Amino acid sequence: MTKQFEPVVIGFTCNWCSYRAADMAGTARLKYPPNIRLVRLMCSGGLDPTYVLKALSGGADGVLITGCHPGECHYLEQNYKALRRYKLLIRTIAQMGIEPERVKLVWASAAEGVQLAREITEFVEEIRALGPLKWSTGLRPPASHIEQPAVAEEVMA
């Protein structure tokens, strides 16, 4: 019997909008897959692209980035910064051999819990259809290329 692939998805959420939308979805008892692990950021504009790469190299099969709608950012225009970084990130991961569909950007206000739950469900299904991320070496070099630390006896000699 083959077990169905269950993806691991990391969700970086804006504190002011999308994290509150996820909270609203939970309060309203809306169902969405438990495959997503939400990480709250003060703003989507503060998401360093290396966080996404770290999540993927650490075993995530997909990353969902969520923030306030353009023009409604608590920090004025930081979600535009998030959009620019997202577009560059998509090009970068494609060059690294990762399907660009594994990273998605979604705008969700605090009042859009239903929409965010739907987006999470759809994204998890998209990642499930892609299958596991086969990025075995990721950002880590193969074990054969890692220098071993000197042993105490060798240092003393």
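Thresholds applied
- Residues numbered from 1 in each chain as written.
- Predicted model: local features only at pLDDT ≥ 70, side-chain atom pairs only at ≥ 80, totals over all residues.
- Heavy atoms only, no water.
- Phe/Tyr/Trp six-rings, centres within 6.5 Å; stacked < 30°, edge-to-face > 60°.
- Helix = DSSP H or I, 4+ residues; strand = E, 2+ residues; numbered from the N terminus.
- Buried < 20%, exposed > 50% of the residue type's maximum accessible area, 1.4 Å probe, protein only.
- Lys NZ or Arg CZ within 6 Å of the ring centre and 35° of its normal.
- Salt bridge = Lys/Arg side-chain N within 4 Å of Asp/Glu carboxyl O.
- Axes fitted to C-alpha atoms, helices over the stretch in contact; angles between N-to-C directions.
- Parallel < 35°, antiparallel > 145°, perpendicular 65-115°, else oblique.
- Contact = heavy atoms within 4.5 Å.
- Nonpolar A, V, L, I, M, F, W, Y, C, P; charged D, E, K, R; others polar.

This paragraph deals with the packing of aromatic side chains. For any two aromatic rings, the description comes down to two numbers: the centre-to-centre distance and the angle of the planes. Summed over all chains, the structure comprises one aromatic pair. Here the aromatic rings of Phe 12 and Tyr 51 are separated by 6.4 Å at their centres, their planes lie at 35°, and the arrangement is tilted. Of this pair, Phe 12 sits in strand S1 (residues 9-14) while Tyr 51 sits in helix H2 (residues 49-57), and the two are 39 residues apart along the sequence. On the basis of relative accessible area, Phe 12 is assigned to the buried category, the value being 6%. Given a relative accessible area of 40%, Tyr 51 falls into the partly exposed group. Seen from the ring of Tyr 19, Arg 40 lies directly overhead, with NZ or CZ sitting 4.5 Å from the centre.

Below, the discussion takes up the pattern of salt bridges. For the coordinates displayed, the defined rule picks out six salt bridges. The partner of Arg 128 in a salt bridge is Glu 6, with the nearest N and O atoms 2.7 Å apart. Highlighted residues: Arg 128 in helix H4 (residues 113-130) and Glu 6 in the segment before S1, separated in sequence by 122 residues. Relative accessible area serves as the criterion here: at 16%, Arg 128 is assigned to the buried category. Note on Glu 6: relative accessible area 42%, which makes it partly exposed. The partner of Glu 122 in a salt bridge is Arg 118, and the shortest N-O contact between them spans 4.0 Å. Here Glu 122 and its partner Arg 118 are both found in helix H4, four residues apart, which amounts to about one turn of the helix. Taking relative accessible area as the criterion, Glu 122 reaches 36% and is therefore assigned partly exposed. Residue classification places Arg 118 among the partly exposed positions, given a relative accessible area of 42%.

Looking now at the packing of helix H1 (residues 18-27) against H4. In the contact formed by H1 and H4, the axes pass within 8 Å of each other and the chain directions differ by 90°. Judged on the interaxial angle alone, H4 and H1 are roughly perpendicular. Judged by residue contacts, Ser 18, Ala 21, Ala 22, Met 24 and Ala 25 of H1 engage Gly 113, Leu 116 and Ala 117 from H4. Classifying every residue of the contact of H1 with H4 gives six nonpolar, two polar and no charged.

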